[in-house]
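As a plain string of letters, each chain reads:
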Amino acid sequence: MPLLAWGCVNLLFSTALGTRILCNKIEQKIGLPCQLESVTWSPWTGVTASNFQVFVPAKLGQKNALFSVREIRVDVSWISLLRGKRRWERLEVNQLSANVAVETISDILALSMEGASKSAVVERPGDQEEVPHPDPESQPADQKTEESPLARDDVPAKSEAPNVTSPPSEDFEGVIILSNAKVKIFSERVPDLSLTLDQIEGEIPLWGGTREGEISCREVRISDAISEGGLTIPVVWADRSLAVMEHSLKVFGLNLELSAAVKLAAGFPAGLQVSLPDQQVDLSSVFREQKSPVAVSNLNSRNQLQGYLLVPASFKGSSVTNFENVVINDPRDEGGMRFNRGKAKFVVTAAGVVAKDVRAIGEEDAILINGFATAAGEAAATVRIVSSPERAQSHAKRVRMTSGNLLMDFQPLITPDRAFRDIRIEARNGTLMMDLGEDRSWVPFFATAEEVLSRKNTDPPNLP
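Residues numbered from 1 in each chain as written. Predicted model: local features only at pLDDT ≥ 70, side-chain atom pairs only at ≥ 80, totals over all residues. Heavy atoms only, no water.

(A) Region of the structure containing the overall build of the chain. When its secondary structure is counted, the chain shows seven helices and 22 strands. Per-residue burial over the chain gives 37% buried out of 464 residues. Long-range pairs, those at least 24 residues apart, make up 48% of the contacts in the chain with a sequence separation of at least 6. Carbon together with sulfur atoms contributes 56% to the accessible area of the chain, which is approximately 27,400 Å² in total. (Helix = DSSP H or I, 4+ residues; strand = E, 2+ residues; numbered from the N terminus. Buried < 20%, exposed > 50% of the residue type's maximum accessible area, 1.4 Å probe, protein only. Contact = heavy atoms within 4.5 Å. Areas by Shrake-Rupley, 256 points an atom, 1.4 Å probe, with all protein chains shown as cover.)

Structure follows, in C-alpha cells:
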C-alpha cells in the first residue's frame, strides 16, 4: 500500500491536473500566475519540481514569464515535520533565469497598489515585527537635515520596542543552494539600457545558530558595454535574520558599503542600504580605451529601502547624494560643463519616485530639477538650466545643430549676467516627451537627448 500510494502521488503530480493544484496554491501566496511541468517525490531524494515559471498578471495582457527555474529540489526534514514544523534541510534552485522589463515591474507595482487600496484593513505585519534596518544607529536619510545627510548620531537612540526575550536558537539547520542563475533587467523604451547579473551562485544558511554563507556573481554588465566581474558578498544567519553586515566592495570604479537584512517573521520584513563614502570618482576602468567623460573630486551617497517582501506596497526608501567639483567633458570638441557642488534627494515608494531636490551649481552653469514618476506610468519634471550669456548661446547653438528642428531659446534672468531655460518633461500616451521643439513643441525625450548628446560635431569647435 505505501508503494502504491507513492506511485499514485507521483503519477498525479506528473499530470496537468496535479501541477495545476500546486500552481493554484502558489498563486494564492504570491499573487502571480505560474506553471509547472512536473513534480516528483521520494522519501530519499525529496521533492523535485521541473520547469517552474512565473508569469505577468493576466490583467496586464502579457504572456511573458517573469522568471523561470529549470529545476527545484527540496530535501524535506522528516524530523521537523514530526515536530509540526515545515522545514527543509536543503533547497536547491538550479538555472534560475529572469528577463524582466522595468516597465513590467512598474505595471505590477501599480496593480499591487490598486489592490491594496481596494482591500479591507487587516492585521498588518508591522504590528508584530519591526522592519529590520541595516544600520540601526543612524536615522533614515530622508529625515536628515541638509547640513550633513550622512552624519551619524554620537549616541544611539533608545529603543522604544518592548523588552521581549529573544526566542532560543534551534538545533535544526537548513540551507539554500543557488546555482547557475542569471538576471537581466532592461527597458522597453530604451532598448540599449539594461543590467545583467550573470552566473549567480550562492549558499545561504537558514535556521539554527549563527552561520555564514555567501553569494557570488561572475559578471555584472550594464548595457552589454560596461562590465565588472568577480563579486562575492558574505551573508550571516543570526537571530532569525539573514543579513549582510556593512560589506565593502568596489563596483564600476565606485567604493560601496552594502548592508541588508531579511527577518523570518510575519510578512518577511527586509531592509537594504547602499552607501558611498567620501571618495574621488575614477571611471577609467569603466570606459577603458576612451577617456572618461565625467570627473568628480568628491562624492558621497546614502540610499536605503525597506518594507515587507510579502507586501510590495509597503516598500519605501530614500536617496541622498552630494558631490563637489564635477566636470562633464564633451569628446566632440573638448568643451565641458563644470559644477562646484551639487546634491540629489529622492524619495521612493511603491507608488513611484519623487525627485525632491536635484541641483548642480557652477560658475558658468547651474541645473535645477524636480519631478516625479509613478508606477502607473505618469511622470513629469521641470529642468531649469541657468547659464552665463556666453554659455547660453553655446548651448542653444549645440541644440540647433541637430537634425530634429530643435530650439532651446534662453530668456534673461533677473540679473543681466544670467539667462535661463526651463525644459518641461512629461509622460504622454506612454511616451516620455519634452518641449524642446520649435515654439515649445513636444518631441520624444530619449531620441532627442541622444541626438543632442551624441551627434558628432563636424564644424570647427566654437564652444567656450
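What follows picks up the thread again.
(B) Structural detail: the environment of methionine 433. Take methionine 433: it is sitting in strand β21 (residues 431–434). On the basis of relative accessibility, which here comes to 15%, the residue methionine 433 falls in the buried class. In the structure, methionine 433 is positioned 15 residues away from threonine 448 in sequence and 9.1 Å away in space, judged by C-alpha atoms. Dropping the residues within four chain positions of it, methionine 433 is found in contact with Arg424, Ile425, Glu426, Arg428, Trp442, Val443, Pro444 and Phe445.

(C) Here's a closer look at the packing of aromatic side chains. Tallied over the entire structure, the rule returns three aromatic pairs. Here phenylalanine 52 and phenylalanine 67 contribute two aromatic rings whose centre-to-centre distance is 6.5 Å and whose plane-to-plane angle is 65°, an arrangement assigned as edge-to-face. Of the two residues, phenylalanine 52 is situated in strand β3 (residues 46–55) and phenylalanine 67 in strand β4 (residues 65–76); the sequence distance between them amounts to 15 residues. Of the residues examined, phenylalanine 52 reaches a relative accessible area of 10% and is grouped as buried. On the basis of relative accessible area, phenylalanine 67 is assigned to the partly exposed category, the value being 28%. Each ring, one from tryptophan 88 and one from tryptophan 207, has its centre 5.0 Å from the other, and the planes form 70°; the classification is edge-to-face. Remark: tryptophan 207 occurs in the loop between β7 (194–206) and β8 (211–222) and tryptophan 88 occurs in strand β5 (residues 88–101); sequence separation between them is 119 residues. Taking relative accessible area as the criterion, tryptophan 207 reaches 7% and is therefore assigned buried. Looking at arginine 428, its charged tip hangs above the ring of tryptophan 442, at a distance of 3.9 Å from the centre. (Phe/Tyr/Trp six-rings, centres within 6.5 Å; stacked < 30°, edge-to-face > 60°. Lys NZ or Arg CZ within 6 Å of the ring centre and 35° of its normal.)

(D) Up close: the side chain of aspartate 365. In this fold, aspartate 365 is placed in strand β17 (residues 365–374). Reaching out from aspartate 365, the side chain makes a polar contact with the side chain of serine 387 at a distance of 2.6 Å. Here aspartate 365 is in contact with Met337, Phe339, Ala360, Val386, Ser387, Arg391 and His395, once residues within four sequence places are set aside. (Polar contact = N/O pair within 3.5 Å; in protein donor to acceptor, adjacent residues only side chain to side chain.)

(E) Expanded view of the side chain of arginine 421. If you trace the backbone, arginine 421 turns up in strand β20 (residues 419–428). Polar contacts involving the side chain of arginine 421 include one to the main-chain carbonyl oxygen of leucine 407, which spans 3.3 Å.

(F) The arrangement of helix α2 (residues 16–30) in detail. Along its 15 residues, α2 runs 20 Å from first to last C-alpha, staying within 8% of the 21 Å computed at 1.5 Å per residue. When α2 is considered as a whole, its buried residues turn out to be Gly18, Thr19 and Cys23. Viewed along the axis of α2, the buried residues span an arc of 130°, placing them on a single side of the element. Turned more than 90 degrees off the buried face of α2, the exposed positions are Leu17, Lys25 and Gln28. Where α2 ends, the next residue or the one after it, glycine 31, has phi of about 75°, a positive value. (Expected span 1.5 Å × (residues − 1). Arc of directions from axis to C-beta.)

(G) Representation of a nonpolar patch on the surface within the structure. Among the surface-exposed residues, Val102, Ile105, Ile185 and Leu195 lie close enough to one another that they form a single nonpolar patch of about 280 Å² accessible area. One can find isoleucine 185 in strand β6 (residues 174–186). (Patch = residues over 30% accessible without salt bridge, like charges linked within 9 Å, V, L, I, M, F, W, Y side chains within 5 Å. Salt bridge = Lys/Arg side-chain N within 4 Å of Asp/Glu carboxyl O.)

(H) Fine view of the pairing of β21. As judged from the four bridges shared by β20 and β21, these two strands associate in the antiparallel manner. Bridged to isoleucine 425 within β21 is methionine 434. Remark: two residues form the turn of the hairpin made by β20 and β21, two consecutive strands paired antiparallel; asparagine 429 in that turn has positive phi of roughly 55°. One ladder, built from two bridges, connects β21 with strand β22 (residues 443–444); its direction is antiparallel. Note on β22: the bridge partner recorded for methionine 434 is valine 443. (Pairing = 2+ DSSP bridges.)

(I) Molecular detail of the pairing of strand β12 (residues 269–281). Judged from the six bridges that link them, strand β11 (residues 254–263) and β12 form a sheet pairing that is antiparallel. Across the sheet, residue serine 259 finds its bridge partner in β12, namely glutamine 273. In sequence, β11 turns back onto β12 through a hairpin of five residues, with glycine 267 there showing a positive phi of about 85°. As judged from the 10 bridges shared by β12 and strand β13 (residues 294–308), these two strands associate in the antiparallel manner.

(J) Fine view of unusual backbone geometry. Backbone geometry places asparagine 180, a non-glycine residue, at a positive phi of 55°. Mapped onto the elements of the fold, asparagine 180 is located in strand β6. Backbone geometry places phenylalanine 252, a non-glycine residue, at a positive phi of 55°. Tracing the backbone through its elements, the reader meets phenylalanine 252 in the loop between β10 (241–251) and β11.

(K) Here's a closer look at the environment of serine 319. By secondary structure assignment, the location of serine 319 is in strand β14 (residues 311–329). For serine 319, a relative accessible area of 14% puts it in the buried group. Spatially, the C-alpha atom of serine 319 lies 5.6 Å from that of lysine 345, the residues being 26 residues apart in sequence. Setting aside anything within four residues of it in sequence, one finds serine 319 in contact with Arg302, Asn303, Ala344, Lys345 and Phe346. Only 2.4 Å separates the side chain of serine 319 from the side chain of asparagine 303, close enough to count as a polar contact.

(L) Structural context of the pattern of salt bridges. Under the definition given, this model contains 15 salt bridges. Notably, a salt bridge pairs glutamate 27 with arginine 20, separated by 2.4 Å at the nearest N-O pair. Residue class for glutamate 27 comes out partly exposed when judged on its relative accessible area of 23%. A salt bridge links glutamate 426 to arginine 428, with the nearest nitrogen and oxygen atoms 3.1 Å apart.

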